[in-house]
Every structure is written in C-alpha cells, then in structure tokens.
Amino acid sequence: MALWPLHSVSPCMTYEHCSDPWPYTAPFGLTFNHNLCEPPREYAVTLSETYSGARYGNSFFYLPRLDRYLLFHVSHARWINWEMGRWSFNGEGVEDKTYRGGVSLFFFGTLKFQRRSNVEVGSYGKVYGVDHWIKQMGEVSASNLSIVTDGWHLDYRQIPGMPAGVVSGLVYITHCIVNREDGYLVLRVANENRLRVWKWTGGGVMGQDPEQFEYFGDLPISSGQVHDLAYEDRRHLWVVTEGGYLIKINYQRLRVEVFSRIADPDPEDLAYYLAWDQRRGRLGLLRHKPDAENGACRCTLEFYRPVPKMEALTEPVPIEPLRAGQRIPFVWQVTGDAGEGISGCLTKPELVEPATGRLRTAAVVTGRSGEALGEYQAATPATETLQVTAEIKDSG
Amino acid sequence: MLELLFTGTKVIDLPALSWANMRFYWVRDWEAAHLRGTAANGARRIFRDGTEIQYTRGINEASIGSRAGGSLVKYQQVSVGVYNLFAFEPFTGLFHLTPFRTVGLFTLRCLLDEEAGLVLRATGTGASSNVLRAYDLDGEVLWSETFAWNFQSVQWAAPGRAALLAPGAGRVVLFDYLNREAVLESSIVEPAGTACWDSNRGLVVAIMLDGTTRVWHPTPVPALLGQVSFTPDPAQHQGSRLTVQLTGDVGEPCPGWWVKWRLVGDKGELEKPHSRTDAAGVARNYYFGPELESGAEILICEVEV
C-alpha cells in the first residue's frame, strides 16, 4: 500500500435483483441473460469484464460540477444485446443514483457506448472521448456519453503523427486526455504501453483544426496492460496498470513524478478504474472484482491520498570498512511497495544493548531515493548490533 | 581480495534464468539494483541488504547495457552497424519506445558514455569476453585491453571509470577508460552468481549462488607485506629511507592501511612508529643509523588486519 489509503466502500454497488417470476421477460420480448438470473445467481446486472485495453470499456471519472464519481458500464443483462448503465457515487463513495440504460437506450445507447473509447474528464471539467464510428474525438455528454454537438471535436485521423493503424481504423484509441487550456492532447492506443502526447500549435485555446497539432513525444508507462487514466490538472494525469501500479505523469514535461501501487493488489482483481477528485485532491479507485457466487457485487471504491507510503525498511549496511576508532557510515532505505524511495521519512538508528561503541547520528530524514546515512564509531574491536526504526506519520 | 562489508540473510527469489542472463545493474536514481524479470516473476529492485521489491510485471528486457551516470540503456539492432538506443525511465523502470540515439555498435556487456564519445565492450574470441574494447559512437575500434578473466558485464562506476565484473571467477576490475589504466584489480571472497557496481557508494554488490547478497568495499584486504627496502643501505651516522609495499592476494596494492614499525636492538632510531600506505600500497619511514656503536639490530614491520 504505497499510496496512503484513506477509506474504502465495499461493495460499492448494489445490483438489481432478478424480477419474479423466473424466467422474466422484459418489454419487446427481451429476456434477461440466463447467466445472470439463473440460480444460484440472483442479480440482473454485472459489470462487463472489458477494461480500457479494449476498443470500448467501462468508464470511471470524477465530475467536479456534480461532485460525483460516475461509472459508465456495459451490462450483459438482457439478450440479445447489451445495455449501458450509469452509476453515481458521492464524494465519499456512497452510491446515490443508479441509472440503467433500459429499453429506451437499448439500441441507441448501446451502440453509442460501444463506439466510444474510455471517456475521461479533461480541462474545463468537461468529459472527452473518441467515437470510433465517425472518427471524431471530442466533448461528450456526462449523462449518456453522446457527442455534444456544439462542443469541441475534431477528426483525429488528420492529426499529424497519428499511428497508421489508428488512421486506417485497425487500431483504436482507448483513452484520450484533453487539456484545451494549455493545448495538450494525450492518447493511449490499444495494446500500446505508452502515452502519446500532441501539442496544439495554433495559439490560444485548443481549436478544432487537427492539422495544427504537433507530435510532442511519448512516455512508457507499463510493461503490462494499462487499465485506466485519470486527468488531475493542467499538468498531471494518473495511470493505473495491471498489478495495481499507479503512475503520476507530468504530460507537459513527459516525465513520471510518482510511481506507487494500490493497497493489496489481488491477482483475482479484474480491472482498476481511476478518477481524480479535484475538490478533495485525492484518487478514487474502483476495483473490479469478480461477482460473488450468487452474483452479488464485490467491487470496492477506494480512496487514496496521493502521497507514497512507507512499506519497507532495509537493513543498515556499512559503506566503509569497519575499523575501531573510525566513524563508519551506514546506509538504510525506506521504500514503498513498488520499490520507490520514500523521501522525508524520519528514521532513527540505535545500538542494541550492551554496546561499547556509540552512534554519531541521532535521527535522519530520508533523501530522494529513500536513503538515510548514519555514523557509528567503535572505540575498540567489538561485535555490535545496529538497528533502525522509521516513524510513520499520519497522512494528515 | 576486497573487503567484505556486509553479508545478507534475505534470500532473493531468483528468476528462472541462467546467471549469465540475469542482467543485474545498479540504478543510481534508485540507489538499488535492477534485476531482470520473467513472465512468471516481474523485474525487481534489489537493495544492498537483499530486500527485493517487484516494480513491474514481466519485464523481460535482455538487451540492456550500462550508461554513464548510473543508468541503463536498451539496444536494438536495426541493420549492420546501426543500433538504436532507448533511454531508461527511472521511476517506472521501463525503457522509452523512441530511441534517443543511434550508435555503430552496442551489444551485450557494453557501456555507453556519450560525453566521452565511447562505447566500451567486453568481448573476445568466440565465447570469451576478456578483452575490453573501446569504440567511438560510429562503431570504430579505438583501443583494446586484454585481461585474464571473462567479464559478465561492464558497468559505469564513476566519471571516466568502468567496473568490469567477472563474478563467476570472483574478479573485479575498476578501469579508468579515459587514461586506459586499471585502477583496481582485485578479487571477491568467493565466486558469486551475478554482481553490479554500486555507483552511489562505490561498492560491489553481488548475489551469491544461494540467493543472498554481499557487499564489498573496493579496498583490497592485505595478504602480503613485502620486503623492506633501505635507500641507501643502513650505516652508522646515516639516514636511510624505508619503503615497504602492502599487497592483496592477487598482487593489488592496499592503500590506507597502517604499518607499524619497531626496532629490536636499541641502536638506531625510526622517524615514526607507524605510517600509512599510499595509493600504491607503499608505506614510508626513515631509519637513522646508530651514533655510538654499530652492530646488528632487527626491524619489525607489521600490519594489523
């Protein structure tokens, strides 16, 4: 748990029960998915197992103007097609409003959704996504993911430097982060483990002429699957990958600023979805876990303060030859559970009694790589034990 | 023999790779080493005490080398005499996907120093790798030095210096590649599985065959105190300069050790009772011949290890 976990809600969603009597037939002759409602499963909803590595996927983001976390998902509830659902959670992760696409959105909503990349909040608190059908990238509605007709949009195929596979339609853009204020466009393409960044060169706020973009560069982000991205602000975004690794990226400088991990990643976790709460300055993480045996939801919504947390303390290792009378420097390190150095952590070396030598260092604060250096001095040849403790402060 | 500083007790869960394919390199930004991962066992950071933390899943980069400054570089051959080099991203431990430069040669056991305009490579005839060869960035050979051991890796140690590591033979060479001279040629206590040069603190960190770590300081442990030399020969009413060289088990000089001098015979005098060995492992003193009577006396010279 290398980031500070604040609290979690588990399960964070309550699925709708199957209606009686079984088999239930919905309007227009549609039936519930037998795989859902057939005993012992008793729920009519489940999250699809499509994370954002696919052409389309579940979308999770925080919408500042509503102060809500929103989850859009594909449900396999009804034969013969899928439907879209929207879940809403308040700032503390409590589910407060659920909307199922239902019959009225059966075809239209489903199709719209399947055309969409994973949508994300971007600049001006608006939601942006990619429509693979009409080859447009632009602002989408936070209520049903439809393209906002008078909103910002462009034909992404005409952006210079766009991978050939995307232009030809063989490869999909799975995520887009749009910062119109500073003119940065960050894309992640299916099956790529990098982020690609373009810069708007037309001056002012990002416009709609795709030819005015210039390829800015790329950044490797994972050796495994990328599960989700989250826009933080005009400089930063977060990435969560397979294995629960969290990466904070400054996309204006193409550099990683935080590398960490979620609490207790579990091999059975199906996917992770990430959202940045712009009001509270914290990360919301939706952990998609397999349903329970009776089909009940086991997903959790977890909140993290974006500060790495200490997880391991290495043993003190001398870095100079041990000589009686000499001051011997020892080094130890404080790390998170992704191996990242934890700086600013107070550590205290102490000699285990009985001891004849003396410590020349009372307490040390760890440096950039989580390293701390203390000194020990022995008056005479001796065998002694040096141990180190680290103080973990509350995340505040 | 280098001086052993630390013997770890933690046992590293080694990937299912041969030692030669392990890829154990120090990363200065981490103050820890990178150990190559496999699909079953992701890449890890290895700390000096043997603490291991997986930092990514299944990274399986075999084509990597060392880069001046204490970083790594990934290489990929594009065509004959054209190699793309990819920079290392220290936070995530991944390699950039766009090459940062092209060089004429970069293979296994190479070190890139762009500032010096060099690629150093441990190579040799057939499967051997006992020749350190320097190339310019276009791949032209500049010079070669031959050693007695096959090196497993060439790693950046400090500005202008490369560590040549042959952990299987238990040998370490610190080589000044700007002046083309070995600064240190020594051994570690016993053969290790793989080793790297800790460029933060100037140490050798090795993973032993049993999976534990050991850390050595590049100070050779004395094995032999040579013959004391008098210049000129000792005589009554005359001063003589004394020198003695302290060396390790493979003949390497041992600097920084205190040599104790004493006379048995009570005739002449010594300038000082102890002196410290210099960079060549030589300790110096002065002997003043007797004023009153001549005769034999014994000079005893000792080092406390």
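Everything below is about the structure printed above this text.
Note that the coordinates shown come from a computational prediction; the quantities given were computed from them, not determined experimentally.

Comments concerning the overall build of chain B
Then step 1. Within chain B, the regular secondary structure consists of 0 helices and 29 strands.
Then step 2. Structurally, chain B occupies a C-alpha span of about 80 × 45 × 35 Å along its principal axes.
Then step 3. A burial count over chain B gives 51% of its 305 residues as buried.
Then step 4. For chain B, restricting intrachain contacts to residue pairs at least 6 apart in sequence, the fraction spanning at least 24 positions comes to 48%.
Then step 5. Here chain B has roughly 12,700 Å² of accessible surface; of this, 48% comes from carbon and sulfur atoms.
Then step 6. Side chains of chain B give 26 positive and 33 negative charges; the mean places of these two sets differ by 7 Å.

A closer look at the sheet that holds strand S30 (residues 386-391) of chain A
Residue and element names in this part refer to chain A.
Then step 1. Spatially, the 3 strands line up as an open sheet ordered S28-S26-S30, and their pairing is antiparallel. Across the chains shown, the open sheet's two edge strands, defined by having one partner strand only, are strand S28 (364-365) and S30.
Then step 2. Where strand S26 (residues 346-351) lies against S28, 2 bridges are found, and the strand directions are antiparallel. Following the sheet pairing, Leu-346 is matched in S28 by Val-365.

Observations concerning the interface of chain B and chain A
Then step 1. The interface of chain B with chain A comprises 34 residues on the first partner and 41 residues on the second.
Then step 2. Interface area, chain B with chain A, both sides summed: about 3,100 Å², of which 57% is carbon and sulfur.
Then step 3. For the salt bridge of B:Glu3 with A:Arg323, the shortest nitrogen-to-oxygen distance reads 2.8 Å.
Then step 4. Our enumeration of links across chain B and chain A arrives at 10 residue pairs in polar contact (both at pLDDT 80 or more).
Then step 5. Mapped onto the side of chain B that touches chain A, the elements with two or more residues apiece are strand S1 (2-7), strand S5 (52-54), strand S9 (94-95) and strand S21 (213-220) of chain B.
Then step 6. Split into classes, the residues belonging to the side of chain B that touches chain A amount to 14 nonpolar, 9 polar and 11 charged.

Focus on the pairing of S26(A)
All names here are of chain A.
Then step 1. Of the two faces of S26, only one is covered, namely that formed by Thr-347, Pro-349 and Leu-351; the face formed by Leu-346, Lys-348 and Glu-350 stays uncovered.
Then step 2. Both S26 and S30 contribute to a ladder of 6 bridges, which runs antiparallel. Note that in S30 the partner of Pro-349 across the bridge is Val-388.

Digging into the sheet that holds strand S12 (residues 173-179) of chain A
All names here are of chain A.
Then step 1. If you walk across this open sheet you meet the 4 strands as S12-S13-S14-S15, and the pairing is antiparallel. Looking at the sheet topology across the chains shown, the edges are occupied by S12 and strand S15 (213-220). Neighbour to neighbour, the strand axes of the sheet diverge by 20° on average, direction disregarded.
Then step 2. Where strand S13 (residues 184-189) and strand S14 (residues 194-200) come together, 4 bridges link them in antiparallel fashion. Across the sheet, residue Leu-185 finds its bridge partner in S14, namely Trp-198.

Comments concerning the side chain of B:Thr212
All names here are of chain B.
Then step 1. Note that Thr-212 resides in the loop between strand S20 (203-207) and S21.
Then step 2. With a relative accessible area of 8%, Thr-212 lands in the buried category.
Then step 3. Sequence-distant contacts of Thr-212, that is, excluding residues within four places in its chain, are made with Gly-8, Thr-9, Lys-10, Val-11, Ala-206 and Ile-207.

Basis of the calculations
Residues numbered from 1 in each chain as written. Chains lettered and ligands numbered in written order. Predicted model: local features only at pLDDT ≥ 70, side-chain atom pairs only at ≥ 80, totals over all residues. Heavy atoms only, no water. Helix = DSSP H or I, 4+ residues; strand = E, 2+ residues; numbered from the N terminus. Buried < 20%, exposed > 50% of the residue type's maximum accessible area, 1.4 Å probe, protein only. Contact = heavy atoms within 4.5 Å. Areas by Shrake-Rupley, 256 points an atom, 1.4 Å probe, with all protein chains shown as cover. Lys, Arg positive; Asp, Glu negative; His and termini not counted. Charge placed at Lys NZ, Arg CZ, Asp CG, Glu CD. Pairing = 2+ DSSP bridges. Buried area = accessible area lost by both parts, 1.4 Å probe. Salt bridge = Lys/Arg side-chain N within 4 Å of Asp/Glu carboxyl O. Polar contact = N/O pair within 3.5 Å; in protein donor to acceptor, adjacent residues only side chain to side chain. Nonpolar A, V, L, I, M, F, W, Y, C, P; charged D, E, K, R; others polar. Axes fitted to C-alpha atoms, helices over the stretch in contact; angles between N-to-C directions.

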